Number of protein chains: 2
Amino acid sequence: MNIDRLGPPLDQRADLSAQIAASIRDAIIIGALIVDERLPSEAELSLRFDVSRATVREALKRLAAQSLIRTQRGATGGAFVNRISFEAAQAQQITTSTLLLSMNDVSFETACEARYALERACAPLSADRRHLHHLTVMRDEIERQADAGLTDEAFCASDVAFHRALVDGACNPVLSYQLAGAVEAMQPLMNMITFTARSRDAIITLHRTIADAIEAQDGQAASAGLTALEAETQTLARRVFARRSGSPTPL
Amino acid sequence: MNIDRLGPPLDQRADLSAQIAASIRDAIIIGALIVDERLPSEAELSLRFDVSRATVREALKRLAAQSLIRTQRGATGGAFVNRISFEAAQAQQITTSTLLLSMNDVSFETACEARYALERACAPLSADRRHLHHLTVMRDEIERQADAGLTDEAFCASDVAFHRALVDGACNPVLSYQLAGAVEAMQPLMNMITFTARSRDAIITLHRTIADAIEAQDGQAASAGLTALEAETQTLARRVFARRSGSPTPL
DNA sequence: AAAACCCTAATTGTCTGACATTACTTTTTC
DNA sequence: GAAAAAGTAATGTCAGACAATTAGGGTTTT
């Protein structure tokens, strides 16, 4: 790797690892370092940047945390530019989205609205293109949700699985990736809700409506089902939160 | 901080920094460490986890790379749990999305479809709630786009600004955050397109249609405009990539 | 009494040198 | 020729040191 491809010289004697990480990150983003290319060894980078190996390592760990590089030990090892997979990107996005919601006092209403708006965007595509296994997953999850012995957490998890199958039915990996954050990040908020047998029934009925619409390739009906489900969820949440603020409730 | 809040003991003598980072990350996610809480000092963490300070530092740098913590020097300094801001989350999401698209041979068609599907999801909300300044930005950007002296890059940048104003009009920060990745990550792909005066005119006309619909609070018309704009963009891209067909087109 | 100054302690940031571990390559041995 | 052994280069970890920064307390000065 050419030294010219590693950005401007480092001026300040502080935050060196951040500067070095930014330098390498930029090189990756602009394409000066291509996928699977091996970076210089830590020893060589420490010479190039004129810092200690410890500092270089801190910079590399920053990049590794963002899945930008991977490292391998051994004689032919080193740090390699990572091809960011949809899976890794999704995992990061879910973590970030979840923390964002939990730390910023985002109302249930706002998050829920965003989620269903985005899902409605997928519905027509999913109705068009869904494969058999998407329908199968949706049906299976509905089946599971009907089990009265399910805990609220398990019910929510199944709900997420149902909706992910709906989104994946659009057969657009970019869409699936973007939606993963919105859908999964809602789960902790949904877990705050106690689902009565009655509200579960309402949700399951709407899930059936949506699955039927997707199977019948009726995107408009699927969207309508999602709208109804959003309304149901919002009502449910309002009731739960109202009850909690009215009387001191144990967790 | 209680040692019990830092996860299971570390077994393997490799990837220690990753394990420690995961341990602390989990503590933050489940809420055992709250925003602005100070982590134990590096020296104390190295005792708790029974590793060297260098290893602890590598773990902390991983967390810092994800904006999960910030550090401060000095007597009362240390590492503090960061409140993830929408801005920081957006920046990360844009970086990840951009790299994801450039590294994974995602077709222009797929990315474009995802983007416009998501934008259509925002259109009805934006039509309902947009404020004056959203409309102003949209109009201003359309004005700018009409300047024939604009480079293709500047035209694309203005296009992004227009669409972000449209999305922000929905007044839902979660939606804005999710969409930022989809819209901005497209920019490098859009930059591969040469915009003739004629194609610019077509785009600007559609932008006007959309802005008019948003101003008139007609969500359906705005959606229709977006659909037309998507078709126009796809046609444009197909033409450009077909002309370049000498070599198999990446992206 | 208030302000300016200095000193100290705590903490992160960096450096150095060493050893352990890993995995590929080369050489040796059978 | 195949298996075993040695060599080698890289990351992973450790220990100890010093520099830089910052808050707080104590002292002196005004």
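From a predicted model like this one, the values you see are computed outputs, not experimental measurements.

Caption draft 1: A look at the domain arrangement of chain A. Here the domain parsing of chain A yields domain 1 (3-81) and domain 2 (86-246). A C-alpha centroid distance of 40 Å is found between domain 1 of chain A and domain 2 of chain A.

Caption draft 2: The protein's contact with DNA strand D, seen in detail. As a structural note, the neighbourhood of DNA strand D is formed by 25 residues, with A:R53, B:D15, B:L16, B:T55 and B:A75 the closest of them. Backbone atoms, meaning sugar and phosphate, make up 73% of the atoms of DNA strand D lying within 4 Å of the protein. A distance of 3.0 Å separates a phosphate oxygen of DNA strand D from a polar atom in the side chain of A:T71. Note that a sugar or linking oxygen of DNA strand D is positioned 3.4 Å from one of the backbone N or O atoms of A:G74. For the surface near DNA strand D, the secondary structure elements donating two or more residues are helix 3 (53-65) and strand 1 (69-72) of chain A together with helix 3 (53-65) of chain B. Element by element, the count of residues in the surface near DNA strand D is highest for helix 3 of chain A, at 3 residues. The residue makeup of the surface near DNA strand D, split by class, is 5 nonpolar, 9 polar and 11 charged.

Caption draft 3: Seen up close, the interface of chain B and chain A. Opposite the 51 residues of chain B that make contact, chain A presents 50 residues. In this assembly, chain B packs against chain A so that about 4300 Å² is buried in total across both faces, 66% of it on carbon and sulfur atoms. We note a salt bridge from A:E113 to B:R129, for which the minimum N-O separation is 2.5 Å. Put simply, the parts of the chain that give the side of chain B that touches chain A at least two residues each are helix 1 (16-29), helix 3, helix 4 (86-103), helix 5 (108-129) and helix 8 (173-185) of chain B.

Caption draft 4: Just the side chain of A:Q66, in detail. Looking at the element boundaries, A:Q66 is found in the loop between helix 3 and strand 1. Note on A:Q66: relative accessible area 14%, which makes it buried. Contacts of A:Q66, omitting those with residues within four sequence positions, involve A:R25, A:I84, A:Q92 and B:A65.

Caption draft 5: Main features of helix 4 of chain B. Residue and element names in this part refer to chain B. The end-to-end C-alpha separation of helix 4 is 25 Å, in line with the 26 Å expected for 18 residues at 1.5 Å each. Turning to helix 4, its buried residues are A89, Q90, Q92, Q93, I94, T96, S97, T98, L99, L100, L101 and M103. Two residues or fewer past helix 4, D105 is found with a positive phi of approximately 50°.

Caption draft 6: Representation of the pairing of strand 1 (residues 69-72) of chain B. Residues and elements named next belong to chain B. Alignment of strand 1 against strand 2 (residues 78-81), held across 4 bridges, turns out to be antiparallel. Bridge assignment links Q72 to a residue of strand 2, and that residue is G78. Hairpin connection between strand 1 and strand 2: a loop of 5 residues separates the two successive antiparallel strands, and G74 in this loop has a positive phi of roughly 100°.

Caption draft 7: Region of the structure containing the relation of the copies chain B and chain A. For the match of chain B to chain A, the screw axis carries a shift of 0.1 Å, the RMSD comes to 0.2 Å, and the turn is 180°. Such a turn and shift between the copies fits a two-fold axis. A shared interface surface links the copies, since 98% of the contact residues of chain B are contact residues in chain A too.

Caption draft 8: Broad picture of empty space enclosed by the protein. All names here are of chain A. Inspection of every chain in the model, using the stated rule, returns 8 cavities of 30 Å³ or more. One number sums up the size of the largest cavity: a volume of about 70 Å³. When residues of the lining of the largest cavity are assigned to their parent elements, the largest contribution, 4 residues, is made by helix 4 (residues 86-103).

Caption draft 9: The arrangement of the protein's contact with DNA strand C in detail. Not every one of the 25 residues close to DNA strand C is listed here, only the nearest: A:L16, A:S52, A:T55, B:R53 and B:R57. When atoms of DNA strand C within 4 Å of the protein are sorted by moiety, sugar and phosphate together comprise 71%. At 3.1 Å from a sugar or linking oxygen of DNA strand C is found a main-chain nitrogen or oxygen belonging to B:G74. B:A75 places a polar main-chain atom, nitrogen or oxygen, 3.3 Å from a base nitrogen of DNA strand C. For the surface near DNA strand C, the elements supplying multiple residues, two or more each, are helix 3 of chain A together with helix 3, strand 1 and strand 2 of chain B.

Caption draft 10: Quick look at the pattern of salt bridges. Residues and elements named next belong to chain B. Applying the stated criterion across every chain, the model contains 28 salt bridges over all chains. Between E44 and R48 there is a salt bridge; the shortest N-O distance is 3.2 Å. With E44 and R48 both in helix 2 (residues 42-49) and 4 residues apart, the pair spans about one turn of that helix. On the basis of relative accessible area, R48 is assigned to the partly exposed category, the value being 25%.

Caption draft 11: Here's a closer look at helix 8 of chain B. Residues and elements named next belong to chain B. Taking 1.5 Å of rise per residue, the 13 residues of helix 8 would be expected to cover 18 Å, and the 18 Å separating its terminal C-alpha atoms lies within 8% of that figure. At L179, helix 8 shows its maximal bend, which comes to roughly 30°. Its side-chain oxygen 3.0 Å from the backbone nitrogen of V174, N172 forms the N-cap of helix 8.

Caption draft 12: A look at the packing of helix 3 of chain A against helix 3 of chain B. Relative orientation of the contacting elements helix 3 of chain A and helix 3 of chain B amounts to 45°, with a least axis distance of 8 Å. Judged by the inter-axis angle, helix 3 of chain A sits oblique to helix 3 of chain B. Crossing hand, helix 3 of chain A versus helix 3 of chain B: right-handed. The residues of helix 3 of chain B that touch helix 3 of chain A, namely those facing A:R57, A:E58, A:K61, A:R62, A:A64 and A:A65, are B:R57, B:E58, B:K61, B:R62, B:A64 and B:A65. Its residues assigned to classes, the contact of helix 3 of chain A with helix 3 of chain B comprises 4 nonpolar, no polar and 8 charged.

Caption draft 13: Structural context of the packing of helix 5 of chain B against helix 11 (residues 219-243) of chain B. Residue and element names in this part refer to chain B. At their nearest, the axes of helix 5 and helix 11 sit 8 Å apart, and the two run at 165° to each other. When the interaxial angle is binned, helix 5 and helix 11 end up roughly antiparallel. The element helix 5 and its partner helix 11 pack so that their crossing is right-handed. The residues of helix 11 that touch helix 5, namely those facing F108, E109, C112, E113, Y116, E119, R120, A123, P124 and A127, are G219, A222, S223, L226, T227, L229, E230, T233, Q234, A237 and F241. Here the residues of the contact of helix 5 with helix 11 sort into 11 nonpolar, 5 polar and 5 charged.

Thresholds applied
Residues numbered from 1 in each chain as written. Chains lettered and ligands numbered in written order. Predicted model: local features only at pLDDT ≥ 70, side-chain atom pairs only at ≥ 80, totals over all residues. Heavy atoms only, no water. Domains from an automatic or database assignment. Near = heavy atom within 4 Å. Polar contact = N/O pair within 3.5 Å; in protein donor to acceptor, adjacent residues only side chain to side chain. Helix = DSSP H or I, 4+ residues; strand = E, 2+ residues; numbered from the N terminus. Nonpolar A, V, L, I, M, F, W, Y, C, P; charged D, E, K, R; others polar. Contact = heavy atoms within 4.5 Å. Buried area = accessible area lost by both parts, 1.4 Å probe. Salt bridge = Lys/Arg side-chain N within 4 Å of Asp/Glu carboxyl O. Buried < 20%, exposed > 50% of the residue type's maximum accessible area, 1.4 Å probe, protein only. Expected span 1.5 Å × (residues − 1). Pairing = 2+ DSSP bridges. Least-squares fit on C-alpha atoms with pLDDT ≥ 70 in both. 1 Å grid on protein atoms, 1.4 Å probe; cavity = no way out; pocket = protein on both sides within 12 Å on 5 of 7 lines; lining within 4 Å. Points joined across faces, edges and corners; volume = space filled by probe spheres on them. Bend = angle between axes of the 7 residues up to and from the residue. Axes fitted to C-alpha atoms, helices over the stretch in contact; angles between N-to-C directions. Parallel < 35°, antiparallel > 145°, perpendicular 65-115°, else oblique. Left-handed = near helix turned anticlockwise from the far one by under 90°.

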